[in-house]
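Summary of structural features
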Amino acid sequence: MAQRRLTQQKTPQEKTPHLIKALSYGGINRQWIWSFPISALLLLILSLLVTGESNATALVDAGAFVRWGLPIVEVLHNFAMMATMGALIFAIGIIPRFTDSTLNVKTYRKNSTQCQKQRAEYPPFTSLLNFASALSVTWTLTAIAVLVLTYSDISGRPLTSASSYASELISYITDIDAGKEQATTVIVAATVSTLIFAVRSLLGLLITWGISLIAIVDMALGGHSSGGADHMGAVNSLGLHLLGAISWCGGLIALAYISQQISTPEAGTGTTVEQDRGTNTTLNRRAPMAIVVLRRYSAVALFGFILILLSGIINAAVRMNNISELFTTAYGNIILTKFILTMMLGVIGAAHRLYLIPAMSRGKIRPLIGIWRAIIAEIIIMGGASGLAVSLSRTAPPVPETLATDAPPVRIITWYDMPPEPSLTHWVTQWRFDWLWVFLICCAGYFYLWAYYRVKKAGGTWPIMRTVSWIAGLFALNYITSGALAIYGRVLFSAHMVEHMSLTMIVPIFLVLGAPITLLLKALEPRQDGTRGPREWILRIIHSRWSKIVTNPIFAAVNFAGSIVIVYFTPLLNFVLSYHVGHELMIIHFLMTGYIFSLVLIGIDPIPYRPAYPMRLILLIATLGYHAFVGIAMMNMETLLAASWFGNLGREWGLSAIDDQKLGGSLMWGIGELPTMLIAVAVGIQWAASDKKVAKRLDRQAERDGDADLKAYNEMLEKLNEESSTIK
């Protein structure tokens, strides 16, 4: 009887035949993807007509073709870019490259007639990359068109084949920041297109996706003038907004493209993490590939929705004076419409997450034609929001984005007004949020606490002090990047030095002691369907050749100490001060060099190689002496570093620029002492604990074998003694 019941059980794929039928015949078909750009173009044209932004201007006008052609091409450009990046996200971690069903498929090696058993690619994976290849070419061509039409729009010159037009276009690309940024986008798109055609490994696709993100940086930098009220806030919030768009919108386009392929019986199954009601634990279970893909995309879509919503609110607040301008200005009207569309999308997404996916998992779902039409509606609404975004970029915001004619030097150089003379109160109350780091810190805090909760729920243990250390490090990082140190670091070399030393020597200690990688590896379930989830990517990076290089003790120490000279005694200092990208890269570099150095010395997270304790102390003493040497050198310098920056701010309070630089050198020397002592103490404690563990292990072994090693050693000494006596 038991055997009979076993044979009559249905597989997950057999439980949901109506799902397969609905997806294959009544759901999303590939042609519905084009409703995205169509709806975007319709709302774009409507909004331009309503606001009058497409009307000819009295001063410079390149003609109706340029006025209308540029925003239309921008819509197509954004669609191709988002869809390309969304397809890469799916290929990297949502659908498998290979599955069990492709393990023994017979394929022919290129340029050979010999048939060999090799793993053939999963058909939806191949289809998705072919789709991405075509889209990346479209992205490249539209990026070129945007570059040319933007120059015509700015210069007021219609498109022409004259040689003078070509030479002026080249000057625009090489001399004007906007032209450089758009040319960079063309190069990025062309590079991504080439790599998608050539690369098939998951690591290569991840690198390709990382390169594509440079285009987001270019668009964020080009989307806000340095004369605005909060330049860095506007750029960072816009960049995060674009990241949310490619995750959510691009992912939905990719899902629509492969929906039929992943919904057939031949699509196979994947692994999904589900709650076991009996044991209250999470387990990996097999489920139809459509359910698995929807679960994974749902997490990506939720991330994108939250990012788009919050970053959009922040970006609008930077460019508007008050909330009433939402109703009284054309810019505000578009913002309000976009917000309504975003909330509608959020409601649809919530319905999918709360109803569709659980119902599919239980196998008790009704015909899904109506629900999948809701997804089609989601694509149409997303397209409309994308069109409004292009229209918004061509509409002047209420807050002017140009510098006033009487702007002081500090405003021209740093993008901000001079802060008040620092006092104890100001060191606490002065804040200017760097939204990029606020976002990264919130993500780091959320995922750490999520992992802590998962481990505790599963019955595991995790020291509470490691959690406290991690949270303390994040709070310190937030203050350094968004608090008074970040504000005064723009006008005081001494504050800039404290910011640098805190990033590289104080914050990393707290973060490393939090052991985030060890905690995540405990909390994350491994995937068993050929895809690389977060756990698989973490392990892949830990064991990579890059990890072996950067965590090598010598490399980590040289990088930690040498970065000071490279940044402060070369023209690189002007770059990190003068450019927004340079400033963010400086923070990343100092934080990572300090983190890796601390990880090698006192971390417990897995790395390819960790030196012996005596070697750790030698590295620590050597770097301490190097910091002291550089600090003393700065104290004795009479030449002002980054003189074009710190020497021209017009600061009327505090020390002179050269005296403030000497103060910065002394702070560098002094600040390095305490963290170094703390690391030395931590190394000593770990050394002693390691010796105790070894001693306990030897004692346990002695109890098991009757202290055989000691007896053998004593017997050897007695034998040597006897031999020595015989010789005498």
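These numbers were taken from a predicted model, which means no experiment stands behind them.

Section: the overall build of the chain
- Scanning the chain from terminus to terminus reveals 31 helices and four strands.
- Residue burial in the chain is summarised as follows: out of 728 residues, 48% are buried.
- The contacts of the chain with a sequence gap of at least 6 include a subset with a gap of at least 24, amounting to 76%.

Notes on the pattern of salt bridges
- Summed over the entire model, instances satisfying the criterion amount to six salt bridges.
- Notably, a salt bridge pairs Glu168 with Arg157, separated by 2.5 Å at the nearest N-O pair. Of this pair, Glu168 sits in helix α7 (residues 163-175) while Arg157 sits in the loop between α6 (123-155) and α7; the two residues are eleven residues apart in sequence, bridging distant segments of the chain.
- Taking relative accessible area as the criterion, Glu168 reaches 32% and is therefore assigned partly exposed.

Description of the packing of helix α5 (residues 64-93) against helix α9 (residues 202-222)
- Where α5 contacts α9, the two axes come as close as 10 Å, and the packing angle between them is 150 degrees. Taken together, the axes of α5 and α9 lie roughly antiparallel to each other. The crossing of α5 and α9 is left-handed. Residues His77, Asn78, Met81, Met85, Leu88, Ile89, Ala91 and Ile92 of α5 form the contact with α9, whose participating residues are Leu202, Leu205, Leu206, Thr208, Trp209, Ser212, Leu213, Ala215, Ile216 and Met219.
- Looking at the contact of α5 with α9 residue by residue, the class counts come to 14 nonpolar, four polar and no charged.

Overview of the nonpolar core
- Counting residues in hydrophobic clusters, the biggest one holds 82 residues, and the most contacted among them are Phe90, Leu128, Trp139 and Leu205.
- Those elements giving two or more residues to this core turn out to be α5, α6, α8 (177-198), α9, α10 (231-258), α11 (289-319), α13 (330-362) and α14 (369-393).
- If you tally residues by element for this core, the top one is α10, at 16 residues.
- Ignoring anything within four residues of it in the chain, the contact list for Trp139 reads His77, Ala80, Met81, Thr84, Met85, Thr185, Val188, Ala189, Val192, Ser212 and Ala215.
- In this structure, Val410, Leu573, Phe590 and Trp645 belong to the second largest nonpolar core, which totals 76 residues.

Considerations on the packing of helix α21 (residues 516-523) against helix α22 (residues 534-542)
- Interhelical geometry of α21 versus α22 gives an angle of 140 degrees and a closest axis separation of 10 Å. Here α21 is positioned oblique relative to α22, judged by the angle of their axes. Our pair here, α21 against α22, has a crossing hand that is left-handed. Contact with α21, carried on its side by Ile517, Leu520 and Leu521, involves Arg535, Ile538, Leu539 and Ile542 of α22 and no other residues of that element.
- Within the contact of α21 with α22, the residues separate by chemical class into six nonpolar, no polar and one charged.

Section: the environment of Ser39
- The topology assignment puts Ser39 in helix α4 (residues 35-51).
- Measuring from C-alpha to C-alpha, the distance between Ser39 and Ser386 comes to 8.8 Å, with 347 residues separating the pair along the chain.
- Setting aside residues up to four positions removed in sequence, Ser39 forms contacts with Ile379, Ile380, Gly383 and Gly384.
- Only 2.9 Å separates the side chain of Ser39 from the backbone oxygen of Ser35, close enough to count as a polar contact.
- A polar side-chain atom of Ser39 sits 2.9 Å from the main-chain carbonyl oxygen of Ile380.

Here we look at helix α17 (residues 435-457)
- Here α17 contains 23 residues, and its C-alpha end-to-end distance of 32 Å stays within 8% of the 33 Å for a straight helix at 1.5 Å per residue.
- By the burial criterion, the buried members of α17 are Trp437, Val438, Phe439, Ile441, Gly445, Tyr448, Ala451, Tyr452, Arg454 and Val455.
- At the exit of α17 stands Gly459, carrying a positive phi of roughly 90 degrees.

As for the confidence of the model for the chain
- Residues with a pLDDT of 70 or more make up 82% of the chain, whose mean pLDDT is 81.
- Per-element confidence in the chain ranges from a low mean pLDDT of 34 for helix α1 (residues 2-8) to a high of 94 for helix α18 (residues 464-482).
- Throughout residues 1-28 the model reports pLDDT below 50, and contacts reaching past four residues in sequence, or to other chains, amount to 47 contacts.
- The low-confidence segment residues 102-117, where pLDDT is below 50, has 25 contacts with residues more than four positions distant or belonging to other chains.

What to know about the packing of aromatic side chains
- Tallied over the full model, the rule gives 18 aromatic pairs.
- Between the aromatic rings of Phe493 and Phe646, the centroid separation amounts to 5.8 Å while the plane-to-plane angle is 80 degrees, which identifies the pairing as edge-to-face. Here Phe493 is found in helix α20 (residues 493-513), whereas its partner Phe646 is found in helix α28 (residues 643-646), with 153 residues between them in sequence. Just as Phe493 is buried, Phe646 falls in that class too.
- Three or more aromatic residues joined by ring pairs make a cluster, and in this case those are Trp431, Phe433, Trp435 and Tyr479.
- Over the ring of Tyr416 we find Arg432; its NZ or CZ atom is 3.8 Å from the centre of that ring.

Here is what the cut-offs are and how they apply
Residues numbered from 1 in each chain as written. Predicted model: local features only at pLDDT ≥ 70, side-chain atom pairs only at ≥ 80, totals over all residues. Heavy atoms only, no water. Helix = DSSP H or I, 4+ residues; strand = E, 2+ residues; numbered from the N terminus. Buried < 20%, exposed > 50% of the residue type's maximum accessible area, 1.4 Å probe, protein only. Contact = heavy atoms within 4.5 Å. Salt bridge = Lys/Arg side-chain N within 4 Å of Asp/Glu carboxyl O. Axes fitted to C-alpha atoms, helices over the stretch in contact; angles between N-to-C directions. Parallel < 35°, antiparallel > 145°, perpendicular 65-115°, else oblique. Left-handed = near helix turned anticlockwise from the far one by under 90°. Nonpolar A, V, L, I, M, F, W, Y, C, P; charged D, E, K, R; others polar. Core = buried A, V, L, I, M, F, W, Y, C linked by side-chain atoms within 4.5 Å. Polar contact = N/O pair within 3.5 Å; in protein donor to acceptor, adjacent residues only side chain to side chain. Expected span 1.5 Å × (residues − 1). pLDDT = per-residue confidence, 0-100. Phe/Tyr/Trp six-rings, centres within 6.5 Å; stacked < 30°, edge-to-face > 60°. Lys NZ or Arg CZ within 6 Å of the ring centre and 35° of its normal.

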